[in-house]
Amino acid sequence: MNVHQAHVNEQITTFSELEKVIRQVTTETRVIDMHTHLYAEAFNEHLLWGIDELLQYHYLTAEFFRHTDMTYDEYWMLDNASRAEAVWQTLFVDRSPLSEAASGVITALNRLGLSPTQYGRDLNAYRAALAAKSTSQQIDDVLEVAKIERIVMTNDPFDAKEREVWQASRGKSDARFDAALRIDKLLLDWPAAAQDLRVQGYLVEDDASAPSTLQEVRRFLKDWALRMDALYLMVSLPGDAGYEHNKAASVTSSSLTILLDGAVVPVCLELGLPLALMIGVRRQVNPLLRLAGDMSMRSDLSLLEGIAKRYTNLELLITVLARENQHELTVLSRKFRNITLFGCWWFLHTESMIRELTAFRVELLGTSFIPQHSDCRVLEQLINKWDHSRGIIADILISKYNRLLKDGWGITEEEIRRDVEAYFGGNFQRVLDKAKQNRQLIQGT
Ligand code: RAT
Ligand code: ZN
């Protein structure tokens, strides 16, 4: 045993030492970011990075329109650089960037070495400093600063541009980026999806329940999951999505129920992949805001209860958008071990919400959940989103471990590291492993 090993196995006895170790471990532990909208370089324009993209993040678009007299059309008619300039002027120069999304830009710039103390309020100064960077250099730098080990993308087989990358076998060219098969269109807009599937060579009918159609949908899902080497299948659902788990046989099922039961779940089980559900979005409350026009809504979690109960071998990765559903989801996770709760999603990815949610999740679930995912759309956001989250998670862990310390439960650095590694990647990996094991159990191999 070397000196460092001896040290990490020693019990921590004072609060100040405890605090120091937790801050250090939460800062340096590498993360598997299990849901983002980031892409490897091979996906070309799908990967957004740089200051102009940061300023056009849809979270900031919504905030910009709270202050401007510009019409929606006027804004959308601008080119990217002019939109970024309008947002910078309005949210960063004419007033202070206090919101989570706006202050996040400042954190990212600062941590990248573009200190606002030096570069001030001049957008062109930041642009100039980033101009010499190549995409691959920026990926390396950001992943290093944010201490990210792996990133899970959101991969849409209905996106023609993205399909080209996969069909040219370039989708897996960077091992740091994993795929997730996103199937919103299939489950939420069957008529449009059916048309698309036919174009892709799958012989589906308009009636989703036809056995041959379900067989073709399964073939489509398997082809894409295997081509992408997807880690899981994912859909984002409205809070009132109708999955009929208690339906009388005489009632016609919704296409969502038919496709989940007849294609999505069987494929997950056959391939040994988890199903990720992001529940509680109300799309396009204000369509004029485009991507920024979505809202949260309360969810009826009986949908989830029904799926978890019916498919005990199906691993479920779950997050919900309404604050009102958070406690219920946490309690539900205690009842079904095939549910793994993840992240503070979208409007909950703010300092106060992360603090509130993480505290009661630790209190009710111990170490058996995934505290955070970033949902980044622009590369550099990995820095601020993880930086802020690591700090808040550390605060909560300090208070929880301190309670143990006060009661004489000596903790070692090694034990803290073990727990933080579970939170930042191990628990996600365990869900993937369990899904594979379930498949072996079902298939008897
Ligand atoms: O968080 C977001 O950026 C949203 O626009 C959504 O993309 C959401 O995360 C989703 O994956 O549906
Ligand atoms: Zn997302």
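Since this is a predicted model, take the numbers as computed values, not measurements. (Residues numbered from 1 in each chain as written. Chains lettered and ligands numbered in written order. Predicted model: local features only at pLDDT ≥ 70, side-chain atom pairs only at ≥ 80, totals over all residues. Heavy atoms only, no water.)

Here the focus is the site of ligand 1. Near ligand 1 the following residues occur: His35, His37, His58, Tyr59, Arg182, Ser236, Met278, Arg283, Trp345, Trp346, Asp375 and Arg377. In the model, an oxygen atom of ligand 1 is placed 2.4 Å from a nitrogen or oxygen of the Arg377 side chain. Taking 310 Å² as the accessible area of ligand 1 by itself, protein coverage stands at 98%. Taken together, the residues of the shell around ligand 1 sort by class into 4 nonpolar, 4 polar and 4 charged. (Near = heavy atom within 4 Å. Polar contact = N/O pair within 3.5 Å; in protein donor to acceptor, adjacent residues only side chain to side chain. Areas by Shrake-Rupley, 256 points an atom, 1.4 Å probe, with all protein chains shown as cover. Nonpolar A, V, L, I, M, F, W, Y, C, P; charged D, E, K, R; others polar.)

What follows covers the environment of Leu55. Within the fold, Leu55 resides in helix H3 (residues 51-55). In this structure the C-alpha to C-alpha distance between Leu55 and Ala81, which are 26 residues apart in sequence, comes to 9.5 Å. Residues in contact with Leu55, not counting those within four places in the same chain, are Leu60, Ala84, Val87, Trp88, Phe92 and Leu123. (Helix = DSSP H or I, 4+ residues; strand = E, 2+ residues; numbered from the N terminus. Contact = heavy atoms within 4.5 Å.)

Scanning all chains against the criterion turns up 29 salt bridges. Across the pair Asp178 and Lys172 runs a salt bridge whose closest N-O atoms are separated by 3.4 Å. Assessed through its relative accessible area of 35%, Lys172 is described here as partly exposed. When the shortest N-O distance is used, the salt bridge between Arg323 and Glu356 registers 2.6 Å. Residue Arg323 is located in the loop between strand E10 (316-320) and helix H17 (326-335), and its partner Glu356 is located in helix H18 (residues 351-365); the two are separated by 33 residues in the primary sequence. Since its relative accessible area comes to 45%, Arg323 is described here as partly exposed. Because the salt bridges share partners, they merge into one network encompassing Arg23, Glu351, Arg355 and Asp395. (Salt bridge = Lys/Arg side-chain N within 4 Å of Asp/Glu carboxyl O. Buried < 20%, exposed > 50% of the residue type's maximum accessible area, 1.4 Å probe, protein only.)

Together, Asp240, Asp300, Glu305 and Glu328 give the surface a local cluster of negative charge. Relative to the assigned elements, Asp240 resides in the loop between strand E6 (233-237) and helix H15 (255-271). (Patch = residues over 30% accessible without salt bridge, like charges linked within 9 Å, V, L, I, M, F, W, Y side chains within 5 Å. Lys, Arg positive; Asp, Glu negative; His and termini not counted. Charge placed at Lys NZ, Arg CZ, Asp CG, Glu CD.)

Turning to the sheet that holds strand E7 (residues 275-279), a few remarks are in order. Spatial ordering of the open sheet is given by E5-E6-E7-E10-E11, a layout of 5 strands whose pairing is parallel. Edge positions in the open sheet fall to strand E5 (181-182) and strand E11 (339-341), since each of these has one partner strand only. (Pairing = 2+ DSSP bridges.)

Bringing the side chain of Ser389 into the picture now. Secondary-structure assignment places Ser389 in helix H19 (residues 381-406). When its relative accessible area of 0% is taken as the criterion, Ser389 is described as buried. Ignoring anything within four residues of it in the chain, the contact list for Ser389 reads His349, Ile354 and Gln372.

Let us now look at the coordination of the zinc ion (ligand 2). Within the first shell, the zinc ion (ligand 2) binds the protein through His35 (NE2), His37 (NE2) and Asp375 (OD), at distances of 2.0 to 2.1 Å. Look at where the donors of the zinc ion (ligand 2) fall in the sequence and you get H-x1-H-x337-D. Overall, His37 belongs to the buried group, its relative accessible area being 12%. (Donors = N, O, S within 2.8 Å, 3.2 Å for Na, K, Ca; no water.)

Let us now look at the nonpolar core. Counting residues in each nonpolar core, the largest one holds 107 residues, and the members touching the most others are Leu221, Val264, Leu277, Leu316, Leu382 and Ile416. In terms of residue count, H19 provides more of this core than any other element does, 11 residues in total. Apart from the residues lying within four places of it in its own chain, the contact partners of Leu316 are Leu275, Leu277, Leu304, Ile307, Ala308, Asn338, Ile339 and Thr340. Membership of the second largest hydrophobic core comes to 44 residues, among which are Tyr75, Trp76, Ala102 and Val431. (Core = buried A, V, L, I, M, F, W, Y, C linked by side-chain atoms within 4.5 Å.)

Successive residues of a regular strand alternate their side chains across the two faces of the sheet. Of all 5 residues that make up E10, 5 are buried, and the element is covered over most of its length. Judged by which residues are buried, E10 turns out to be covered on both faces: Leu316, Ile318 and Val320 on one side and Leu317 and Thr319 on the other are all buried. Sheet analysis places E7 next to E10, joined by 5 bridges and oriented parallel. Among the inter-strand pairings, Met278 is bridged to a residue of E10, identified as Thr319. By the bridge criterion, 3 bridges tie E10 to E11 in an arrangement that is parallel. By the bridge assignment, Leu316 is partnered in E11 with Ile339. One crossover worth recording links E10 to the parallel E11 by way of H17, and it is right-handed. (Right-handed = clockwise from strand over helix to strand, strands pointing away.)

Right, let's talk about the domain arrangement of the protein chain for a bit. Examined at the domain level, the protein chain breaks down into domain 1 (3-47 + 147-443) and domain 2 (53-131). Relative to domain 2, the C-alpha centre of domain 1 lies at a distance of 29 Å. Tallying the contact residues gives 20 residues for domain 1 and 17 residues for domain 2. The largest contributions to the domain 1 side of the interface with domain 2 come from Leu289, Ile383 and His388, which together make up 23% of the buried area. The interface formed by domain 1 and domain 2 includes 1 salt bridge. Ranked by the residues each element gives to the side of domain 1 that touches domain 2, the list is headed by H19, at 6 residues. Partitioning the side of domain 1 that touches domain 2 into residue classes produces 7 nonpolar, 6 polar and 7 charged. (Domains from an automatic or database assignment. Buried area = accessible area lost by both parts, 1.4 Å probe.)

Their axes nearest at 9 Å, the elements helix H10 (residues 135-146) and H19 cross at an angle of 5°. As far as their axial angle goes, H19 and H10 are roughly parallel. Side by side, H10 and H19 meet where Val142, Leu143, Val145 and Ala146 of the first sit next to Leu382, Ile383 and Arg390 of the second. When grouped by side-chain class, the residues that make up the contact of H10 with H19 number 6 nonpolar, no polar and 1 charged. (Axes fitted to C-alpha atoms, helices over the stretch in contact; angles between N-to-C directions. Parallel < 35°, antiparallel > 145°, perpendicular 65-115°, else oblique.)

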